[in-house]
Amino acid sequence: MSIDEAVEASPATSASAAGPVAGIMHLFPGVALTALIAIAATYLHRVPGFGGLSPLILSILLGMGLHNIIGAPALAKPGIAFSLRRVLRAAIVLLGLQLTLLQIGSVGVEGVVGTVVTLAATFFFTLWAGRRLGIERQLTTLIAAGTSICGASAVVATNAVVDGDDEDVAYAIATVTVFGSLSMMLFPFLNGFLHLAPQAYGLWTGASIHEVAQVVAAAFQDGTAAGHFGTIVKLTRVLMLAPVVLIVAFVWARRREAKEQGTARGKIMVPWFAFGFLGMVVLNSFLPPMTTMHSTAAAITTFMLAMALAAMGLETDIVKLKAKGLRPLALGASAWIFITCFGLAMTSLAI
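### Re a nonpolar patch on the surface
Okay, so step 1: Where nonpolar side chains cluster on the molecular surface, the patch consists of Leu 186, Phe 189, Leu 190, Phe 193 and Leu 194 and spans about 470 Å² of accessible area.
Okay, so step 2: Secondary-structure assignment places Leu 186 in helix H10 (residues 166-194).
Okay, so step 3: Taking the relative accessible area as the measure of exposure, Leu 186 reaches 34% and is therefore partly exposed.

Structural data, given as structure tokens:
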């Protein structure tokens, strides 16, 4: 069942009609469950040995474990669906507070162009490779978004418009986590042979590694200058989440329309949260610099994303995940090798 179907099918609407308090109480068990899992993931992230896994990844793993070992209570289903849809989209909007237009400008025209070209080339290569491997279009698109933009956040944001199965989301997140973690360890080692300048190394890491945390870990291995530049380049990639989601939403709406020949024209699902994300970037660009506010907003955003991924895990069936086989993993590996090599080539041209 898709996220939208889960929300629409739940009896939360009738509970809300009985009064706002009844509606809140109807959602409370599931929302509380996802919040508790997110809290557990946040603390587990601080435990030695688990620091390499972000709270987002730990949340989906804990959710999957609970669902497949014990099972999520039926009472929690409406709240889980709410976290999957509403909490997720609110978190993506808040994600815009982590970036400013001034930061993008500091990357320079060559750096921005190189980053955008790497992103676009990786996205279309992954779509092409997915077709050649015979992988479902939804899963291919999610792996493409996660690899080319910003890992797990991009996967769940893109799924809001492609409407893939929960197992598709879990598999896509698994691939970007595995190969992003490999990049995090390999890039500093490879730079020992490449001898890239700090700015060039920062550009390569920011334009090529999947998750923001992975970029930070890899880029700062070469010093503060490389670390800061790599982080800004990566956040520039994050900014591309909104336009990519909007384009994907338009393309998927047209495909649905083509399949519905002889029926009414398909309605384009506008991902308004993408506009909210862009609005937050613009707003953040004109706000006075307040470290406390930005760190608090970043912590809230991460926690809300962890709640959404906990909900995703609570809806993921491991048996169905295994049934997808190894071809999607091969696709993730191909996309990882492509973005690593293409990103390095664009770095040599840009700097």
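### A few points about the pattern of salt bridges
Okay, so step 1: Counting across every chain of the model gives three salt bridges.
Okay, so step 2: With a closest N to O distance of 3.9 Å, Glu 136 and Lys 324 form a salt bridge. Of this pair, Glu 136 sits in the loop between helix H7 (109-133) and helix H8 (137-150) while Lys 324 sits in the loop between helix H17 (318-323) and helix H18 (327-350), and the two are 188 residues apart along the sequence.
Okay, so step 3: Classification of Glu 136 by relative accessible area gives partly exposed; the value is 41%.
Okay, so step 4: Residues participating in the shared-partner salt-bridge network are Glu 136, Asp 168 and Lys 324.

### Brief notes about H7
Okay, so step 1: Relative to the 36 Å expected for 25 residues at 1.5 Å per residue, H7 spans 36 Å between its end C-alpha atoms, a close match to the ideal helical length.
Okay, so step 2: Buried residues of H7: Gly 111, Gly 114, Thr 115, Thr 118, Leu 119, Thr 122, Phe 123, Thr 126, Leu 127, Ala 129 and Gly 130, and no others.
Okay, so step 3: At the C-terminal side of H7, Gly 134 shows a positive phi close to 75°.

### Topic: the environment of Ala 81
Okay, so step 1: Residue position: Ala 81 is located in helix H5 (residues 77-95).
Okay, so step 2: Residue classification places Ala 81 among the buried residues on the basis of a relative accessible area of 5%.
Okay, so step 3: Here the alpha-carbon distance between Ala 81 and Leu 27, two residues 54 residues apart in the chain, equals 8.9 Å.

### Quick notes on unusual backbone geometry
Okay, so step 1: The residue Asp 163 is not glycine, and still its phi comes out positive at about 60°.
Okay, so step 2: Along the chain, the position of Asp 163 falls in the loop between helix H9 (152-162) and H10.
Okay, so step 3: Judged by relative accessible area, which is 32%, Asp 163 ranks as partly exposed.
Okay, so step 4: The phi dihedral of His 195 is positive, around 55°, even though this residue is not glycine.

### Notes on the side chain of Thr 126
Okay, so step 1: Within the secondary structure, Thr 126 sits in helix H7.
Okay, so step 2: Thr 126 gets classed as buried once you look at its relative accessible area, which sits at 0%.
Okay, so step 3: Discounting residues that sit within four places of it in the chain, Thr 126 has contacts with Thr 140, Ile 143, Ala 144, Leu 331 and Ala 335.

### Structural notes on H18
Okay, so step 1: Between the first and last C-alpha of H18 there are 34 Å, a value that for 24 residues agrees with the 34 Å anticipated at 1.5 Å per step.
Okay, so step 2: Residues of H18 that are buried: Pro 328, Leu 331, Gly 332, Ala 333, Ala 335, Trp 336, Ile 339, Thr 340, Gly 343, Met 346, Thr 347 and Ala 350.
Okay, so step 3: The inward-facing, buried residues of H18 contact H7, H8, H10, helix H11 (198-208) and helix H13 (224-239).

### Some remarks on the confidence of the model for the chain
Okay, so step 1: Averaged over every residue, the pLDDT of the chain is 85; the share at 70 or more is 89%.
Okay, so step 2: Note that residues 1-17 has pLDDT below 50 and, in this model, 24 contacts with residues that lie over four places away or in other chains.
Okay, so step 3: Note that residues 262-266 has pLDDT below 50 and, in this model, four contacts with residues that lie over four places away or in other chains.

### Focus: the side chain of Lys 234
Okay, so step 1: Examined against the element boundaries, Lys 234 turns out to sit in helix H13.
Okay, so step 2: Despite being buried, Lys 234 has no salt bridge partner; Glu 211 is the closest side chain of opposite charge, sitting 6.8 Å away.
Okay, so step 3: One polar contact links the side chain of Lys 234 to the main-chain carbonyl oxygen of Ile 209, over a distance of 3.1 Å.
Okay, so step 4: When near neighbours in sequence (up to four residues on either side) are disregarded, Lys 234 contacts Ile 149, Cys 150, Gly 206, Ile 209, His 210, Glu 211, Val 212 and Val 215.

### Looking at the nonpolar core
Okay, so step 1: One finds Ile 80, Ile 149, Ile 173 and Leu 241 to be the most contacted residues of the largest nonpolar core, which totals 71 residues.
Okay, so step 2: Element by element, the count of residues in this core is highest for helix H16 (residues 291-314), at 10 residues.
Okay, so step 3: Core analysis: the next-biggest nonpolar cluster, separate from the first, contains seven residues, Trp 204, Ile 209, Val 215 and Ala 226 among them.

Cut-off values and rules
Residues numbered from 1 in each chain as written. Predicted model: local features only at pLDDT ≥ 70, side-chain atom pairs only at ≥ 80, totals over all residues. Heavy atoms only, no water. Patch = residues over 30% accessible without salt bridge, like charges linked within 9 Å, V, L, I, M, F, W, Y side chains within 5 Å. Areas by Shrake-Rupley, 256 points an atom, 1.4 Å probe, with all protein chains shown as cover. Salt bridge = Lys/Arg side-chain N within 4 Å of Asp/Glu carboxyl O. Helix = DSSP H or I, 4+ residues; strand = E, 2+ residues; numbered from the N terminus. Buried < 20%, exposed > 50% of the residue type's maximum accessible area, 1.4 Å probe, protein only. Expected span 1.5 Å × (residues − 1). Contact = heavy atoms within 4.5 Å. pLDDT = per-residue confidence, 0-100. Lys, Arg positive; Asp, Glu negative; His and termini not counted. Polar contact = N/O pair within 3.5 Å; in protein donor to acceptor, adjacent residues only side chain to side chain. Core = buried A, V, L, I, M, F, W, Y, C linked by side-chain atoms within 4.5 Å.

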